[in-house]
Amino acid sequence: MNASASSGPATDRRAVGRGGSASPKSIRFWLVLLVLASVIPPSLIAAFLIHLDYRHGQARLERDAMATTHALVAVVDRELAGSRAALIALASSPHLDAHDLAAFQSQASGVLKDVNVNNFVLIDAERRQRVNTLRPFGSALPIERNAALLAIFDTGRPAVTDLFVGPVAHRPLMAIGVPVQRAGSVAYVLAAGLWTDRLSRALLTQPLPEHWIAGVYDSAGVVVARSPLVEHFLGQPGPPSLVRRMAGAPDGWIDDTSALDGTEMRSYFARSSVSNWAVALGVPRAGMSAELQRSLLRLALGAGLMLVASIAGAWIIGGRIARSTRALCLPALALGRGEAVTVGALPLKELDEVGSALTTTSTLLQQALHDAHHDSLTGLANRTMFEQFLRQRIVDSKRAGGDIALLYIDLDGFKAVNDRHGHHVGDDLLREAARRLRANVRLSDIAARLGGDEFAVMLHGTGAEGAVTVAQNLVGQLSQPYGLGSGVQSISASVGIAVYPQDASSAEQLLHRADEAMYRAKAQGRRRYAASNAS
Ligand SMILES: Nc1nc2c(ncn2[C@@H]2O[C@H](COP(=O)(O)OP(=O)(O)OP(=O)(O)O)[C@@H](O)[C@H]2O)c(=O)[nH]1
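Residues numbered from 1 in each chain as written. Predicted model: local features only at pLDDT ≥ 70, side-chain atom pairs only at ≥ 80, totals over all residues. Heavy atoms only, no water.

(A) Examining the overall build of the protein chain more closely. The helix and strand tally for the protein chain stands at 17 helices and 20 strands. Counting every position in the protein chain, which comprises 535 residues, the buried fraction comes to 41%. Partitioning the contacts of the protein chain with sequence separation of at least 6, the portion at a separation of at least 24 is 61%. Taken as a whole, the protein chain presents about 27400 Å² of accessible surface, with 57% of it coming from carbon and sulfur. (Helix = DSSP H or I, 4+ residues; strand = E, 2+ residues; numbered from the N terminus. Buried < 20%, exposed > 50% of the residue type's maximum accessible area, 1.4 Å probe, protein only. Contact = heavy atoms within 4.5 Å. Areas by Shrake-Rupley, 256 points an atom, 1.4 Å probe, with all protein chains shown as cover.)

(B) Local environment of the confidence of the model for the protein chain. Summary statistics for the protein chain give a mean pLDDT of 87 and a share of 93% for residues scoring 70 or more. Within the model, pLDDT remains below 50 along residues 1-17, and this stretch shows 28 contacts once partners closer than five positions in the same chain are excluded. Two summary scores accompany this predicted model of the complex, namely pTM at 0.52 and ipTM at 0.94. (pLDDT = per-residue confidence, 0-100.)

(C) Focus on the sheet that holds strand β16 (residues 454-460). Across the sheet, five strands lie side by side as β15-β16-β14-β19-β20; this open sheet has mixed pairing. At either end of the open sheet lies a strand with only one pairing partner, and these are β15 (446-451) and β20 (529-531). For this sheet, the mean inter-axis angle between neighbouring strands, taken without regard to orientation, is 20°. Across the face of the sheet, helix α17 (residues 507-523) comes into contact with β14 (404-412), β15, β16, β19 (492-500) and β20 while running at roughly 145° to β19. (Pairing = 2+ DSSP bridges. Axes fitted to C-alpha atoms, helices over the stretch in contact; angles between N-to-C directions.)

(D) Just the site of the ligand, in detail. Not every one of the 16 residues close to the ligand is listed here, only the nearest: Lys415, Asn418, Asp427, Arg449 and Lys522. The contact in question runs from an oxygen atom of the ligand to an N or O atom on the backbone of phenylalanine 414, over 3.0 Å. In the environment of the ligand, an oxygen atom lies 2.8 Å from a nitrogen or oxygen atom belonging to the side chain of lysine 522. For the shell around the ligand, the secondary structure elements donating two or more residues are β14, α14 (414-421) and α15 (423-439). Top contributing element to the shell around the ligand by residue count: α15, with four residues. Grouping the amino acids of the shell around the ligand by side-chain chemistry returns three nonpolar, five polar and eight charged. (Near = heavy atom within 4 Å. Polar contact = N/O pair within 3.5 Å; in protein donor to acceptor, adjacent residues only side chain to side chain. Nonpolar A, V, L, I, M, F, W, Y, C, P; charged D, E, K, R; others polar.)

(E) Spotlight on the UniProt feature "transmembrane region" (unreviewed entry) in the protein chain. When the UniProt feature table is mapped onto this chain, "transmembrane region" (unreviewed entry) is found at residues 27-50 and 296-317. Along residues 27-50 the backbone is 100% helical and 0% strand, and the end-to-end C-alpha distance reaches 34 Å. From the first C-alpha to the last, residues 296-317 spans 30 Å; its make-up is 100% helix and 0% strand. (UniProt positions renumbered as here; feature names shortened; annotations may be inferred.)

(F) Quick look at the nonpolar core. In this structure, Phe104, Phe120, Leu122, Met174, Leu190, Val216 and Trp277 are the most contacted members of the largest nonpolar core, which totals 42 residues. Looking at which element gives the most residues to this core, the answer is helix α2 (residues 27-91), with nine residues. Setting aside residues no more than four positions away along its own chain, phenylalanine 104 makes contact with Leu90, Ser93, His95, Leu96, Leu122, Val131 and Leu190. Among the nonpolar cores identified, the runner-up in size contains 32 residues, and Leu411, Ala467, Tyr482 and Val495 belong to it. (Core = buried A, V, L, I, M, F, W, Y, C linked by side-chain atoms within 4.5 Å.)

(G) Representation of the packing of aromatic side chains in the model. The full count for this structure, using the stated rule, is one aromatic pair. Taking the centre distance of 5.0 Å and the plane angle of 85° together, the rings of phenylalanine 29 and tryptophan 30 count as edge-to-face. Positioned over the ring face of phenylalanine 29 is lysine 25, at 5.7 Å from the centre of the ring. The ring centre of tryptophan 253 lies 4.1 Å from the NZ or CZ of arginine 266, which sits over that ring. (Phe/Tyr/Trp six-rings, centres within 6.5 Å; stacked < 30°, edge-to-face > 60°. Lys NZ or Arg CZ within 6 Å of the ring centre and 35° of its normal.)

(H) Layout of the packing of α14 against α15. At their nearest, the axes of α14 and α15 sit 6 Å apart, and the two run at 140° to each other. Taken as axis vectors, α14 and α15 run oblique relative to one another. Where α14 abuts α15, its residues Phe414, Val417, Asn418 and His421 lie against His423, His424, Val425, Gly426, Leu429 and Leu430. Looking at the contact of α14 with α15, its residues break down into five nonpolar, five polar and no charged. (Parallel < 35°, antiparallel > 145°, perpendicular 65-115°, else oblique.)

(I) Inspection of the pattern of salt bridges at higher detail. Counted by the stated rule, this structure contains 22 salt bridges. With a shortest N-O distance of 2.5 Å, arginine 266 and glutamate 62 are connected by a salt bridge. Taken together, the positions of arginine 266 in strand β11 (residues 264-271) and glutamate 62 in helix α2 put the pair 204 residues apart, joining distant regions of the chain. Judged by relative accessible area, arginine 266 falls into the buried class, the value being 11%. (Salt bridge = Lys/Arg side-chain N within 4 Å of Asp/Glu carboxyl O.)

Below, the structure is given as structure tokens:
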């Protein structure tokens, strides 16, 4: 960018003055604001949508977990139902009708191979175990003490025991008992013993998500089966809050229960209608919100990075815009002082357009200034400009010394050219006279058209003697024939000479003296020069 500027922007700004007291914000401020407005609201909306999605996911998970719990109950029930069917079939054995218990044991042992039962026990009304397939027939067998099985003699209805340690098996097991009805009363209770690892294995085969815990609890809330780690928890009472909750509802869920291994869980549970046992499905609470936290963290990181990158970008772009904008200040101020301004290419289109506008305005202004100070016909300085120059030169001369000679020139017989050949020929003659004037003085001298057919030349650093020489030459040059229009025009010129400081002390006086001298030359017969009276 090129711009001529003689004083700093601060001075000019003071000179121009600014209205209003609120300080305007920088382009960087607005760009950063734009970035914040573009990044933060969408990020908040995204966070809200993620949270909404999480809530939907939670609801879905709850439905899935509840459905899985019921499915696990069905698994347990299926296990028990299979055993009960085998029991009912066996209870109708003809060997029992015949009280042939040896044959019955043999039959029961045969059935064991085909059903998911570990042993059969036959209990008589005296509470004695009469058959136990774990022992050969005839072995000494204990008195049955399991209350749930013994109650069948009174209720006549099948029953499922809680977990107990079998007196023959010597291990934790559960049992299903059915009545063996003979002659309208319960003659025997036939029970099937089930090792609980069968249930745990059944739980293990369920496709549960990682860290989910499935547990089967008997009616007393004792762990009957568990997946995983049943070996650590079998026979232990379940978490008290869960056991209490399970006792009060057929199904549901409970928060804040601690699993037996200490994990914070949300536990979903459902009760089996067959056994009065319950199945609980523990879902770690940490896992439930971890995905939400991860998503929100990812979003926050992404938004943060985007924010930092965008603000950095806005800062850089804002800086470029600000620099380019400020680069227009000096040319604009120079333009205000009337100086010629040329603004080079700028990196931003709009600012480049402003720069071009400044250059164009400067060109127009220079043209207007030129027009205001020059004669439009001849291109010479006009009277206004000539007088300004003259005054300035006299000021300079007063300080630094030196003569200024002023030649006042008037064409002789010009009116006749106009009258005879028309104004356009007169104009051409004036233009040619101006050209001859310019051509016959130094570049440092100033030639002007003062009006009509009157011209003036200011000779800087020239005294009376030099002025006479120039005047003589100009009379000769301007009096040469002018080949214009249809013919050759012959006119002449009269020149008056006045010299500063001997003839005048001011610009006006000097002009006046030269004008007087010019009239004297006319009076003396034209085509000549005359010097001021004072010299
Ligand atoms: N063509 C033309 N004529 C002009 C212009 N300005 C003034 N004039 C004419 O120039 C003439 C000047 O008048 P004078 O100075 O009396 O004419 P002159 O014949 O030179 O008279 P003397 O100076 O006494 O010799 C007038 O007729 C004006 O109309 C112009 O721009 N163009």
